Structure formats: C-alpha cells, structure tokens
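# Analysis of the macromolecular model
Residue strings, one per chain:
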Amino acid sequence: MHLRRKESIQLCARFAALFVLVLLLLVPLWDGILSSDIWSSQTFILRILVAGVAVAVVTNRAVNARWRRRLPYLPMLMLIVAASLLCVVASFDPSASDRMHSSHGFLLIGLVMMIAIMPVTLVEAGTLAVPFVVLLLLDAQGFVQTGLVPFGMLMAFLLPLALVSAMVQLYRTIIAAHEIAIDPLTGCYTRAFGMEMIRVSFDSAVRKKAPYTVAFIDLDDFKQINDRYGHDYGDRILGEVGCNLVHRFRRSDLVVRWGGEEFLVLLPELDRARAAEVLDRVMAPGLAMLENGLVQKASVGLSERIEDAIALPQNLIELADQRMYDAKHRRDHDDLVARGYSGRRNTVQSLTSPSPSNAPSTVDRSVN
C-alpha cells in the first residue's frame, strides 16, 4: 500500500508539473510578457526557472530515486515553492502588469487543486500547505500582488478543502488497498497481492545481497476435515490458522493465502536454517484447535534464493511447493510404518478413536 501511495503521489506531482508547463506556455498570449521590453525582467526569468523545475518533475529528475522513496511529496513541494517565489518576486517587479500577477494567482490556485487528488498524510499535507500559508500572510500585509484574482479569499477557501480532500484520498486508498490485499476469511494477504509483494521484496533482497526464504505451508488432511464436519467448520479452522500465522511471524514477514488450505510465508533476510527454526516454533502449538483437544498440523517446504541458486521468485515458490509435497509424503510413509497401517493416515478418523498416538504433536517435523 505504501508503494502504491508513493507512486500515486509522484504521478499527481507530474500531472501538476504538466499543468504548470501548459499554463506558462499559454498565459504569455494573454498577459503580454513576451513583449520586447520585458525579456530581461525578474518575472520572465523566474517563469523560466519555474518551467525548468516543472520539466525536472515531469521527467523524474527533480530529486533522486532515494529521496523520492523517502519523501514522495518532495517534487510537488518544489513546484509549490517555485511558484510561490515567482508570485512574490513578480509583486516587486515594476514591469509586471496586473494580468501577469493574475496568471501567477491562477498558477497557485491550480497547484492547490492538484493537492486535492494526492493521497497524503496529515504531516505531508501540512508541509505542502506551508508555502501557501506564508503567501496568505504576505498577502494580508499587502506584499503580494495578484492582479485581477482575489487571491487571499480564494486561497483561504480552497486550501482547507484541498487538504481535507487529499486526506480523504489517502483514506480511500487505504480502504481500497485493504479490500484488494487482505483475504477476509483468514486475514492473510491475497495471492494477487502476495505475487506483487514477492517480486518487490525479492528484488530488494537481490540488491542487498541478503538471504530470502519462502515457506510453503499446506494443512494436513484438511479435505477430510471439511467433508466430515462441513464447510463452516472448515472456514473456522482456516480463520484460526490465518490469525495464528499472521501473529506468530515478524511484522516484516508476509503471510499469503495461496489458495484453499495452502499458505505462503515470505521471510526476508532469513537463511534456510534460521527459517526452519522459526517454522518449528510457529508449528509447535499447532495452527488451530480441533475436536477432542487435537491440533491442526501442516506440512512445510522451504527454499532460499542464495542456497538454492534461484534467480526468479516464481522458481523459489515452485521449489518450496515441491519440498512441501516431499515432506508430506515422507511423513505419511513414516506414520504408516510406525502404526502398521496400510493406507494414508486419516486425521478425521483419528479424531473419533482416541489412542496414545492421538495426542497433539509438540513440534511438526515436516519442515524440509
């Protein structure tokens, strides 16, 4: 969600910069700044500088990528500061006409309206509003000339509306992202969102040369539980499993409902050995409570990009998936030998026939 929000803010800033460029190209036809006696004026020079800032924002050259990630609103703030300086400098330029001052007022009002479509936080909105507040104070002292535009009245009315609208945009963005990203039954991330996040986090691990482990989790005998007790009971188990997985991992880990009773866990900066220890602790108390005090167990497969020499995130998932199935089949075989059964171990049947072997396992040793 943070990534999408930053992209949205930067896109809005580029639209605002495009608006500035178009306005600065068209208003000379109206306010006469291209007359021969004003080419060297302060107003004309400042307009060229503002146009340069707008070009830099449109081409993503205003600030480097690191600062755009940390302060996504910075390009928009640069536009606002540049336009505000133009308005102030032009007010002290004796060669500037009322139409020129009006053009600058339209420019600032347009930037205010552009803020209204940006999903910004309260702190970011306050930062963007600082140049406008300074202009309002200067206007109240008579230091700002806005020509035919009632700048102070319009700005005092439009600025609060724009800031409130911007924060409403942020709220709507959060709600929309939450609906898309979160599975309502388990509280885990959805598969579509998980695929996007694994690409982003995997690329980040490659840049940092850091380990990156994926855990593929499949609940044991869940189909039989569903068939025996019904889908409502199965949904209750899935919800409890998802809740336990989300709360037992770190906040930096991502738990994804991959489909049905399958879950994918993204474990950045963990090698396979440490990830196996984490999965042992997560699985130890069981993932959900079943009938008669039993617990829901699962089979797990792990893959790690450095140890397994994986270059693509999809291959990392496929390897973890294959190792999960290998672990499941291996444990089933061990159970058959230990119990003397001649068929696949059936968790549902064991729920109704108490025996010493039915006691909850303290640690799920299916981690591969």
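The structure displayed is predicted, hence computed values, not measured ones.

Ranked by internal contacts, the top residues of the largest apolar core, which has 51 residues, are Met76, Leu79 and Phe132. At the level of elements, helix 1 (2–26), helix 3 (42–58), helix 5 (74–91), helix 6 (98–115), helix 7 (122–140) and helix 8 (151–181) are the ones that each hand at least two residues to this core. Beyond its immediate chain neighbours, meaning those up to four positions away, Phe132 contacts Ile80, Leu108, Leu111, Val112, Ile115, Met155 and Leu159.

Glancing now at the sheet that holds strand 3 (residues 262–268). Strand order in the open sheet made by the 4 strands is 2-3-1-4, with antiparallel pairing throughout. Each edge of the sheet is formed by a strand with only one pairing partner; in this case those strands are strand 2 (254–259) and strand 4 (298–304). With direction set aside, neighbouring strand axes in the sheet form an average angle of 20°. Both strand 2 and strand 3 contribute to a ladder of 5 bridges, which runs antiparallel. Bridge pairing links Val256 to Leu264 in strand 3. Relative to the sheet, helix 9 (residues 191–208) contacts strand 1 (212–219), strand 2 and strand 3, its axis offset from that of strand 2 by approximately 135°. Sheet strands touched by helix 11 (residues 231–248): strand 1, strand 2 and strand 3. Its angle to strand 3, the strand with the most contacts, is close to 5°.

What follows is about a positive patch on the surface. Positive charge collects at one region of the surface, where Arg66, Arg69, Arg70, Arg207 and Lys208 lie side by side. Listing elements by their share of the positive patch, those giving two or more residues are helix 4 (65–70) and helix 9. Sort the elements by how many residues they give to the positive patch and helix 4 lands first, with 3 residues. Summarising the element assignment, Arg207 is placed in helix 9.

Glancing now at the packing of aromatic side chains. Per the stated rule, a full pass over the model turns up 3 aromatic pairs. With a centroid separation of 5.8 Å and 85° between ring planes, the pair formed by Phe202 and Tyr212 is classed as edge-to-face. Separated by 10 residues along the polypeptide, Phe202 in helix 9 and Tyr212 in strand 1 bring together distant segments of the chain. Judged by relative accessible area, which is 2%, Phe202 ranks as buried.

For Tyr189, the location among the structural elements is in the loop between helix 8 and helix 9. In this structure Tyr189 touches Ala181, Ile182, Asp183, Leu254, Val255, Val256 and Arg257, once residues within four positions along its chain are discounted.

For the pair helix 1 and helix 6, interaxial distance at closest approach is 10 Å and the crossing angle is 165°. The angle between helix 1 and helix 6 places the two elements in the roughly antiparallel class. Helix-helix and strand crossings are classified by hand; for helix 1 and helix 6 the assignment is right-handed. Touching Phe15, Ala16, Phe19, Val20 and Leu23 of helix 1 are Ser103, Phe106, Leu107, Gly110, Leu111 and Met114, all from helix 6.

This part takes up the side chain of Ser41. Tracing the chain through its elements places Ser41 in the loop between helix 2 (28–31) and helix 3. Ser41 gets classed as buried once you look at its relative accessible area, which sits at 8%. A polar contact of 3.3 Å, which involves the side chain of Ser41, links it to the backbone nitrogen of Phe44. The contacts of Ser41, once residues within four sequence positions are left out, are Asp93 and Ser95.

Spanning 17 residues, helix 3 covers 24 Å between terminal C-alpha atoms, matching the ideal 24 Å at 1.5 Å per step. Buried positions along helix 3 lie against helix 1, helix 2, helix 5 and helix 6. At the exit of helix 3 stands Asn60, carrying a positive phi of roughly 60°.

What counts and what doesn't
Residues numbered from 1 in each chain as written. Predicted model: local features only at pLDDT ≥ 70, side-chain atom pairs only at ≥ 80, totals over all residues. Heavy atoms only, no water. Core = buried A, V, L, I, M, F, W, Y, C linked by side-chain atoms within 4.5 Å. Buried < 20%, exposed > 50% of the residue type's maximum accessible area, 1.4 Å probe, protein only. Helix = DSSP H or I, 4+ residues; strand = E, 2+ residues; numbered from the N terminus. Contact = heavy atoms within 4.5 Å. Pairing = 2+ DSSP bridges. Axes fitted to C-alpha atoms, helices over the stretch in contact; angles between N-to-C directions. Patch = residues over 30% accessible without salt bridge, like charges linked within 9 Å, V, L, I, M, F, W, Y side chains within 5 Å. Areas by Shrake-Rupley, 256 points an atom, 1.4 Å probe, with all protein chains shown as cover. Salt bridge = Lys/Arg side-chain N within 4 Å of Asp/Glu carboxyl O. Lys, Arg positive; Asp, Glu negative; His and termini not counted. Charge placed at Lys NZ, Arg CZ, Asp CG, Glu CD. Phe/Tyr/Trp six-rings, centres within 6.5 Å; stacked < 30°, edge-to-face > 60°. Parallel < 35°, antiparallel > 145°, perpendicular 65-115°, else oblique. Left-handed = near helix turned anticlockwise from the far one by under 90°. Polar contact = N/O pair within 3.5 Å; in protein donor to acceptor, adjacent residues only side chain to side chain. Expected span 1.5 Å × (residues − 1).

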